[in-house]
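So the chains spell out like this:
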Amino acid sequence: MTARRRQTGQRMAEKYERRQLYVVEGNTAKQLSPQEIPIYEEQEKKARRARKIEERALQISPTFVLLLAFASALMLAVCVNYLQARASIYTRMMNVEEMEQELAGLKEVNEATASRIEAASDINRIYKIATEEMGMVYPEDSQIIYYDRTESEYVQQYEKIPED
């Protein structure tokens, strides 16, 4: 473990020596150091390999572009379809609200008409209007003809009523 620490310390010292370009006296750097920074061939090769890898990573293949364009078009189609569905739902909701308002108005008119019909169908009122305003009278017993109900509860007249 101590050997490892020594190697690490040596490497750090070498890095420090390579980085030091100025001669330092006091608190200012007065002149350049005549030392040059050694560049190793292995480091250059690693740097070239890294640059090539970066260049390859930055290049975009045509298949990737087509795939990306297809995915974008698909996403656009899905978004447009979603917006159309939302607009359709909103329109239908507005139509339902309008129809509900129309139904409420029709119910009010229906109730008013029903109460008017109920008031107009008062038997005593009908008798009073018929006898006083229109001059109608009740028929005599000889003028009334009775029919027996046979099959149904209502009578349909297909021929003239006999006068006997």
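As a reminder, the structure under discussion sits directly above these lines.
To start, this report covers the structure provided alongside it. Note that the structure is predicted; figures quoted are calculated from it, not measured.

Our focus in this paragraph is the overall build of the chain. Helices and strands together make up the secondary structure of the chain, namely four helices and two strands. Burial analysis of the chain (164 residues in total) assigns 1% to the buried set. When the accessible surface of the chain is summed, it comes to about 17,100 Å², and 56% of that surface belongs to carbon and sulfur atoms.

A few words now on a nonpolar patch on the surface. On the surface, a nonpolar cluster with roughly 500 Å² of combined accessible area is contributed by Ile-60, Phe-64, Val-65, Leu-67 and Leu-68. The topology assignment puts Leu-68 in helix H3 (residues 62-120).

Before going further, it helps to examine helix H2 (residues 41-58). Across its 18 residues, H2 extends 26 Å between first and last C-alpha, which sits within 8% of the 26 Å expected from 1.5 Å per residue. For H2, a buried count of zero out of 18 residues is recorded, marking the element as mostly open to its surroundings.

Let's shift gears to the pattern of salt bridges. Evaluated as defined, the whole model comprises one salt bridge. Where Arg-48 meets Glu-44, a salt bridge forms, and the shortest distance between an N and an O atom there is 3.5 Å. Here Arg-48 and its partner Glu-44 are both found in helix H2, four residues apart, which amounts to about one turn of the helix. Overall, Arg-48 belongs to the partly exposed group, its relative accessible area being 43%.

A cluster of like positive charges, contributed by Lys-45, Lys-46, Arg-49, Lys-52 and Arg-56, occupies part of the molecular surface. Structurally, Arg-49 can be placed in helix H2. Taking relative accessible area as the criterion, Arg-49 reaches 53% and is therefore assigned exposed.

How each quantity is defined
Residues numbered from 1 in each chain as written. Predicted model: local features only at pLDDT ≥ 70, side-chain atom pairs only at ≥ 80, totals over all residues. Heavy atoms only, no water. Helix = DSSP H or I, 4+ residues; strand = E, 2+ residues; numbered from the N terminus. Buried < 20%, exposed > 50% of the residue type's maximum accessible area, 1.4 Å probe, protein only. Areas by Shrake-Rupley, 256 points an atom, 1.4 Å probe, with all protein chains shown as cover. Patch = residues over 30% accessible without salt bridge, like charges linked within 9 Å, V, L, I, M, F, W, Y side chains within 5 Å. Salt bridge = Lys/Arg side-chain N within 4 Å of Asp/Glu carboxyl O. Expected span 1.5 Å × (residues − 1). Lys, Arg positive; Asp, Glu negative; His and termini not counted. Charge placed at Lys NZ, Arg CZ, Asp CG, Glu CD.

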